Amino acid sequence: MNTFVAHPSSQTHAQNHPAAARLLGDSCFIEIQFPVSKMSVESYTERKANMGQTLTTLGKWWGRKPLVLCRAAILGVLLPATENPQRDREVFLRLMTMDDDGLFRRKSATIPAKELFKRLPPTDRARYFETASESATSVGKNRTDGAPKLRRSLTKEEKQDLQRRVFLSMSYDERIEYCDRPEHIVGPAPESWAVINSHLGTTVSSLQELVAELGKRRFGHVPRVGDSFCGGGSIPFEAARIGCDAYGSDLNPIAALLTWAAFHIVGGGQEAANRVQAAQRKVYDAVDRQFTEWGIEHRELDQKTGRRWRADVYMYCVEVVCPECQWKVPLAPSWVIGESTKVVAKLVPDHQRKQFDFEVHSNVSDESMIAAAGSGTVKHAELVCPNCRARTPIKVIRGDGRGSFSDAKNLLRPWENHDVVPRRNDVFGERLYCIRWVDTWTQADRNGNQRTYTERHYAAPSNEDLVREQKVFDLLMERFNDWQNRGYIPSRKIEPGVKTNEPIRTRGWTHWHHLFNPRQLLTIGSLFREILEANLELDAKVGALLSAGNVADWNARLCQLRTSPGNEGRTEHIFYNQALNTFYNYGTRPLLRLTDTFLREYPAEIISGNADVALCDARLISVERDIWITDPPYADAIEYAELSEFFLAWYGNAIQHLFKGWYQDAKRFLAVKGDDSNFRTAMISCYQRLAECMPQNGIQVVMFTHQSASVWADLATILWSAGLKVSAAWCIATETGPAVGEGNYVQGTVLLVLRKRSNEETVFLDEVYQDVEAEVRRQLDSMRELEDSKDPNFADTDYQLGAYAAALRVLTSKKIEEIDVSYELTRTRKKGEKSAVEELIERAVKIACDHLVPKGIDTHLWKSLTALERLYLKGLELETHGEHRTGVYQELARGFGVEEYKPLLGTSKANETRLKTASEFARKEMNDAGFGASLVRHALFAIFKTVESETPRDGITWLKTEVKDYASSRQRVIEILEFLAARRQNASLPHWHKDAEAAGLLAGALRNRQDNV
Ligand SMILES: C[S@@+](CC[C@H](N)C(=O)[O-])C[C@H]1O[C@@H](n2cnc3c(N)ncnc32)[C@H](O)[C@@H]1O
């Protein structure tokens, strides 16, 4: 079987190994195919693991790429494509442990009996499960739960066999629920290695050996893999783990530090992990002793029990003066503190001092809970005064537009370096309103065993607590100058910026340490002091520093308080999103609550390859790599440089001290960002440099995550102008959280595979389009050929992307006589003006879309349809497959070159987008031009008529009289009606059932010549 045609390869010097399958030139696996659906499930599962991801514990970096995807990209580049694509796919899946055997090896959870029972045929149920009467006898009483029970007599082997059978009968997504990730097991089993070796002609038994062998074959040595935008280090870490010679660099010192930590702390194995843990413990214990001695987190002795409670959360809120009644009002959106413990704060008016005191009540009635939730003093960004009931926008209180401070021109006082709490006359005050205490004691239980008991108590601050607050303030101020000089606490100013403006504008905070209250500064400063003063090995010091950085992320004035059951008294971390949002009330974590952030254990892995990290602008890279895999900051709106300044404020000095030659600046102005012509120029320079730093047979994979597929074409053009040519593109769903939750867009990470453009052969525009068409057809055929009807690999959007990629493969492979790509890309354009390149791509994409013929539509018919008709029929096919994201329809419309497609939509609501049915169109859109005059529209109207009159007669009359050249169009109308009629079989389209039935009736009548034609 070889209908599979690879794109023309630049070099074919790869050797065919005697025992191996015949190679397809020097193409690699990822240039020909990629298991998109399975990779999406794996990537998504890894991202969903949150803190369970291998590198995320090291510290916050935004937009980390899943390790499984990095591994797949590297192996996909190293693995050769052969003339047997099915076997290539099998080998790839085995290497990734994503085949049946690999998945079963990864299976770590037992499928419950109930699930086994549900999935087995009746004969097997009788064989493996007890009957109801047997169960009743075996448990000695009548079964009441009705839960299926496995026979007790089953052997271990029988049980295992049963697990395997049922597991293998599940879909990929279902199986993953019972599996560890590929990185958690050693790799393929010996039987898999036999298959892999026989296909590739190798004699290896580990990923590392294979990587070395494939690298030698392709490049003559162990493959050198680099990432010049390494961020948190996923790509180089994974490369090193599977045995590549890895290099990671980034412009940002925090990114470089995290990558260094990925290599040396996580990748340093158990020894490094032990060193880091010992350091963290030593530091924590020292600070704990100091705090206990100071008595700043302990309550006074309880007279009854003789014990001292310890604080486990402090709750603070902002306070403002109501401009209407001049009362001082504490702010919080709700005064509920704990939803399950039913704890609320109550504001008690002090009429004399025109302010409120706090009472904290536990276990209150449901009515009191509702009242507390409703009595929030800040709603929809307005102060709701509990005294005079007046509502005043916070903006007005801040004086936005009436002063001279910040970009909001407000009346706030800019805080000075020494300010750690608001001054008396500041617009925003701050006060402590509740403390949650933990009482811990040990006593013998009923059996005489010693047990530890804990009880939590919420209380409003007492006078003693306020004295302790003052003590914290005094202790901090005694040390403030010295600690700033020594770098234990930040001293840097916050530079205004897109994200950094918010704390400045909303609170008047001008320095990074203003984001922390005195208690937080004293705590984190004490941790830094211990770490920086201790004599520790480099990995232990960096590990502890990163933990302290984590504490800063989880213990700041920007940490929102949670109240929901199970999360009461928990604070959220600052960077739960990509911003620096300020809140009206927030939580503070005392030492007791820092164990999960500071004493966090880093996973211990072994990396076998060489691993280097550098702090470097991608434009200045000077190392040569065979493979560059990069994930550039492409129009993703993450302000890496600004956000990282938060961490640089804490350990910028330390980084410079610990790593020779490293700087401590985020270099905002060199960071690649945005999507304007400056951005394009920067990107072209970066990728020109990378192309220079790679051999002629080198390969690049550029990953990027963006909502719209249109931008990837833009990126491809940038890469084109940098001297690269596209050889494939795949889209993997990697996002979790809001990105997927909103799900209204084409979400995912696009992987563009690129080669160096060697030949500077030029072509003329008109020749290009013919080649595009041929390549698109080849691409779609080869994808369809790889499709597995039982286990689908590609979704509609993958075909679309595949077709786009094929178009770009042709466009970017040669110079086009009439177009100067670099000039077009970097020249400043007027709003809405399209460049020649964009027009070229649009036309190529249109060719690509024209080949996306829906199943059941004949190609001749397809060719005769207008763009709107195609959009309607293709859209309906998407809908049949359960696709309801607006972005997908938008993308499709763009692909077909349709600007105004909204009239075709029944609804464009997020995640519910769908087309109008025939009955919904009814008489609408029946104009003489455009869609209204089209064959599809006439067919829809005839369906509507049939539904309306409950007979096909009126529909037939309509078609005969209104469709131009009816006799010659008749066959095409029947095909359209049959396509629409096929919707009746689809359970996910209930709104189509009636119309689809009518379409079937009409088509049948026409086939039976009831139109007398
Ligand atoms: C999308 S992130 C990479 C994320 C990374 N792949 C991961 O898994 O964590 C892009 C990175 O590009 C870096 N960057 C921005 N401009 C740069 C430049 N001029 N040179 C090198 N790196 C740059 C940013 O600091 C950021 O870390």
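Numbering of residues starts from 1 in each chain and follows the order in which that chain's sequence is written. Reporting in this predicted model follows two pLDDT cut-offs: at least 70 for local features of residues, and 80 or more for side-chain atom pairs to be given and counted; totals over whole chains, interfaces and linings ignore these cut-offs and use all residues. The basis for every side-chain value is the complete set of non-hydrogen atoms in the structure, without hydrogens or water.

**Topic: the overall build of the protein**
Phase 1: In terms of regular secondary structure, the protein is built from 38 helices and 24 strands.
Phase 2: Principal-axis analysis of the C-alpha atoms gives the protein an extent of 100 × 80 × 70 Å.
Phase 3: When a residue's accessible area, from a 1.4 Å probe over protein chains only, is under 20% of the maximum for its type it is buried; when over 50% it is exposed; and in between it is partly exposed. Taking all 1013 residues of the protein together, 58% fall into the buried category.
Phase 4: Here a residue-residue contact requires only that any non-hydrogen atoms of the pair lie within 4.5 Å. Put simply, of all contacts in the protein between residues at least 6 apart along the chain, 72% involve residues at least 24 apart.
Phase 5: For the area figures, the Shrake-Rupley method with a 1.4 Å probe applies, and any residue is considered shielded solely by the protein chains shown. Counting only carbon and sulfur atoms, one obtains 48% of the accessible surface of the protein, whose full area is about 42100 Å².
Phase 6: Here the protein contributes 132 positive and 135 negative side-chain charges, whose respective centroids are spaced 3 Å apart. In this description a helix means any DSSP run of H or I spanning at least four residues, a strand means any run of E spanning at least two, and both kinds are numbered starting from the N terminus. Under the convention used here, Asp and Glu are negative, Lys and Arg are positive, and both His and the chain ends fall outside the count. Where a charge lies is defined by one atom per residue type, namely NZ (Lys), CZ (Arg), CG (Asp) and CD (Glu).

**Comments concerning the site of the ligand**
Phase 1: Around the ligand, 25 residues are found, and the nearest of them are Lys65, Gly232, Asp250, Ala618 and Asp631.
Phase 2: In protein, a polar contact requires one atom able to donate a hydrogen and another able to accept it; more generally it is a pair of N or O atoms within 3.5 Å, and residues adjacent in sequence count only if both atoms are side-chain atoms. Within the backbone of Lys65, one N or O atom sits 2.8 Å away from an oxygen atom of the ligand.
Phase 3: The contact in question runs from a nitrogen atom of the ligand to an N or O atom on the side chain of Asp631, over 2.8 Å.
Phase 4: When the free accessible area of the ligand is taken as 600 Å², the share hidden by the protein chains comes to 98%.
Phase 5: Side-chain classes follow a simple rule in which Ala, Val, Leu, Ile, Met, Phe, Trp, Tyr, Cys and Pro form the nonpolar group, Asp, Glu, Lys and Arg form the charged group, and the remainder, Gly included, forms the polar group. Counted by class, the shell around the ligand contains 12 nonpolar, seven polar and six charged residues. Near, as used in this document, describes a residue that has one of its heavy atoms within 4 Å of the molecule or strand being considered.

**What about a negative patch on the surface?**
Phase 1: Patch membership requires over 30% relative accessible area and the absence of a salt bridge. Like charges are linked within 9 Å, and nonpolar side chains (Val, Leu, Ile, Met, Phe, Trp, Tyr) within 5 Å. One speaks of a salt bridge when a side-chain nitrogen belonging to Lys or Arg is within 4 Å of a carboxyl oxygen belonging to Asp or Glu. Taken together, the side chains of Asp766, Glu767, Asp771, Glu817 and Glu818 make up a negatively charged region of the molecular surface.
Phase 2: With respect to the helices and strands, Asp766 occurs in helix α27 (residues 765–786).
Phase 3: Taking relative accessible area as the criterion, Asp766 reaches 55% and is therefore assigned exposed.

**A few points about the state of the cysteines**
Phase 1: Throughout, disulfides are identified as pairs of cysteine sulfur atoms within 2.5 Å of each other. Summed over all chains, the structure comprises zero disulfides.
Phase 2: Summary of cysteine pairing: Cys244 is not part of a disulfide, and the nearest cysteine sulfur, belonging to Cys70, is at 11 Å.
Phase 3: For the unlinked cysteine Cys434, the closest cysteine sulfur is that of Cys317, found at 11 Å.

**So, unusual backbone geometry**
Where the residue is not glycine, phi is negative for most of them; where a peptide bond is considered, it is trans in most cases.
Phase 1: Here the phi dihedral of Thr97 falls at roughly 50°; this positive angle occurs in a residue that is not glycine.
Phase 2: Position of Thr97 among the secondary structure elements: in the loop between α4 (85–95) and α5 (100–106).
Phase 3: Residue classification places Thr97 among the buried positions, given a relative accessible area of 1%.
Phase 4: One non-glycine residue, Glu950, lies in the positive phi region at around 60°.

**Topic: the sheet that holds strand β3 (residues 224–227)**
Phase 1: Two strands are counted as paired when DSSP detects at least two bridges linking them. Pairing is mixed in the open sheet, where seven strands are placed in the order β16-β4-β3-β17-β18-β20-β19. The two strands at the open ends of the sheet, each matched to only one other strand, are β16 (611–615) and β19 (724–732). Along the sheet, successive strands turn relative to each other by an average axial angle of 15°, direction set aside.
Phase 2: In this structure, strand β17 (residues 627–630) lies alongside strand β18 (residues 699–705), joined through four bridges in parallel fashion. Considered in β18, the bridge of Trp628 is made with Gln700. To obtain an axis, a line is fitted to C-alpha atoms, over the contacting stretch when the element is a helix, and the angle between two such axes runs from 0 to 180 degrees between their N-to-C directions.

**Let's talk about the nonpolar core**
Phase 1: Residues enter a nonpolar core if they are buried and are Ala, Val, Leu, Ile, Met, Phe, Trp, Tyr or Cys, with the set joined through side-chain atoms within 4.5 Å. Core analysis: the largest hydrophobic core is formed by 303 residues, its most contacted members being Phe34, Tyr872 and Leu980.
Phase 2: In this view, Leu980 contacts Tyr872, Leu873, Leu876, Leu940, Ile943, Trp992, Ala996 and Ala999; residues no more than four positions away in its chain are not counted.
Phase 3: Counting nine residues, the second-largest nonpolar core is a separate cluster that includes Trp309, Ala311, Tyr314 and Tyr586.

**Considerations on the packing of aromatic side chains**
Phase 1: Any pair of Phe, Tyr and Trp rings, taking the six-membered ring for Trp, is counted once the centres come within 6.5 Å. Such a pair is stacked with planes under 30 degrees apart, edge-to-face with planes over 60 apart, and tilted for the rest. Evaluation of the coordinates by the stated rule reveals 36 aromatic pairs.
Phase 2: Summarising the aromatic geometry, the rings of Trp61 and Tyr640 are spaced 5.5 Å apart at their centres and angled 20° between planes, so their arrangement reads as stacked. Remark: Tyr640 occurs in helix α23 (residues 640–658) and Trp61 occurs in the loop between α2 (36–48) and α3 (67–78); sequence separation between them is 579 residues. Both residues of the pair, Trp61 and Tyr640, count as buried.
Phase 3: Consider the rings of Phe117 and Phe129, whose centres lie 5.0 Å apart with planes at 80°: the pair is edge-to-face. Separated by 12 residues along the polypeptide, Phe117 in helix α6 (residues 113–119) and Phe129 in the loop between α7 (122–128) and α8 (132–138) bring together distant segments of the chain.
Phase 4: You can call Phe117 partly exposed: its relative accessible area is 28%.
Phase 5: Phe129 gets classed as buried once you look at its relative accessible area, which sits at 1%.
Phase 6: Taken together through their ring pairs, the aromatic side chains of Trp61, Trp62, Trp512, Phe516, Phe528, Phe575, Tyr640, Phe646, Phe647, Trp650 and Tyr651 make up a single cluster.

**Description of the environment of Ala459**
Phase 1: Looking at the element boundaries, Ala459 is found in strand β14 (residues 450–459).
Phase 2: A residue is classified by how much of its surface remains accessible, and Ala459, at 15% relative accessible area, is buried.
Phase 3: Remark: the alpha-carbon pair of Ala459 and Val360, spanning 99 residues in sequence, is separated by 5.5 Å.
Phase 4: When near neighbours in sequence (up to four residues on either side) are disregarded, Ala459 contacts Arg299, Val360, Cys434, Ile435 and Trp437.

**Looking at the sheet that holds strand β8 (residues 343–350)**
Phase 1: Ordered by their spatial adjacency, three strands build an open sheet running β7-β8-β9, and the pairing between neighbours is antiparallel. Looking at strand neighbours, the two that pair on one side only are β7 (336–338) and β9 (355–361), the edges of this open sheet. With strand direction ignored, the average angle separating the axes of adjacent strands in the sheet is 30°.
Phase 2: Pairing of β7 with β8, which is carried by two bridges, proceeds in the antiparallel orientation. Residue Val336 lies in a different strand from β8, and its bridge partner there is Val344.

**Re the packing of α3 against helix α13 (residues 234–241)**
Helices that pack against each other are described as a pair by the angle of their axes relative to one another and the distance between those axes.
Phase 1: Between α3 and α13, the least distance of the axes is 9 Å, while the angle of their chain directions is 60°. Overall, the two elements α3 and α13 adopt an arrangement that is oblique. Considering the relative orientation of α3 and α13, their crossing is right-handed. In this structure, α3 contributes Leu67, Cys70, Arg71 and Ile74 to the contact, and α13 contributes Ser234, Ile235, Phe237, Glu238, Ala239 and Arg241.
Phase 2: Taken together, the residues of the contact of α3 with α13 sort by class into six nonpolar, one polar and three charged. Note on angle classes: values under 35 degrees are labelled roughly parallel, values over 145 roughly antiparallel, values of 65 to 115 roughly perpendicular, and the remainder oblique. The crossing is said to be left-handed when, going from far helix to near helix, the turn is anticlockwise and less than a right angle, and right-handed when the turn is clockwise.

**Remarks on helix α9 (residues 156–169)**
In an α-helix, one turn spans 3.6 residues; hence positions three or four apart end up facing the same way.
Phase 1: With 14 residues, α9 extends 20 Å between its outermost C-alpha atoms, agreeing within 8% with the 20 Å of an ideal straight helix rising 1.5 Å per residue.
Phase 2: Burial in α9 covers these residues: Leu162, Gln163, Val166 and Phe167. For α9, the angular spread of buried residues about the axis comes to 125°, placing them on one side.
Phase 3: Those residues of α9 that are buried are in contact with α5, α6, α7 and α10 (172–176). Helix span is expected to be 1.5 Å times the residue number reduced by one. Starting at the helix axis, one direction is taken to each C-beta atom, and the arc is that of these directions.

**Comments concerning the pattern of salt bridges**
Phase 1: Under the defined criterion, the tally for this structure stands at 66 salt bridges.
Phase 2: Arg809 is the salt-bridge partner of Glu775, the closest N and O atoms lying 2.8 Å from each other. Here Arg809 lies in helix α28 (residues 796–813) and Glu775 lies in helix α27, a separation of 34 residues in the sequence.
Phase 3: Here the salt bridges do not stand alone but share partners, grouping Arg71, Arg181, Glu183, Glu238, Arg241 and Glu605 into one network.

**Section: the packing of α28 against helix α33 (residues 886–896)**
Phase 1: Running from N to C, α28 and α33 cross one another at 35°; their axes reach a closest spacing of 12 Å. Every pair of crossing elements has a handedness; the one defined by α28 and α33 is left-handed. In this structure, α28 uses Thr797, Gln800 and Tyr804 to contact α33, whose residues at the interface are Val888, Glu891, Leu892 and Gly895.

**So, the pairing of β18**
Phase 1: Of all seven residues that make up β18, seven are buried, and the element is covered over most of its length.
Phase 2: Burial along β18 is two-sided: the face carrying Ile699, Val701, Met703 and Thr705 and the face carrying Gln700, Val702 and Phe704 are both buried.
Phase 3: Pairing of β18 with strand β20 (residues 749–756), which is carried by seven bridges, proceeds in the antiparallel orientation. When the sheet's bridge partners are listed, Ile699 is paired in β20 with Arg755.

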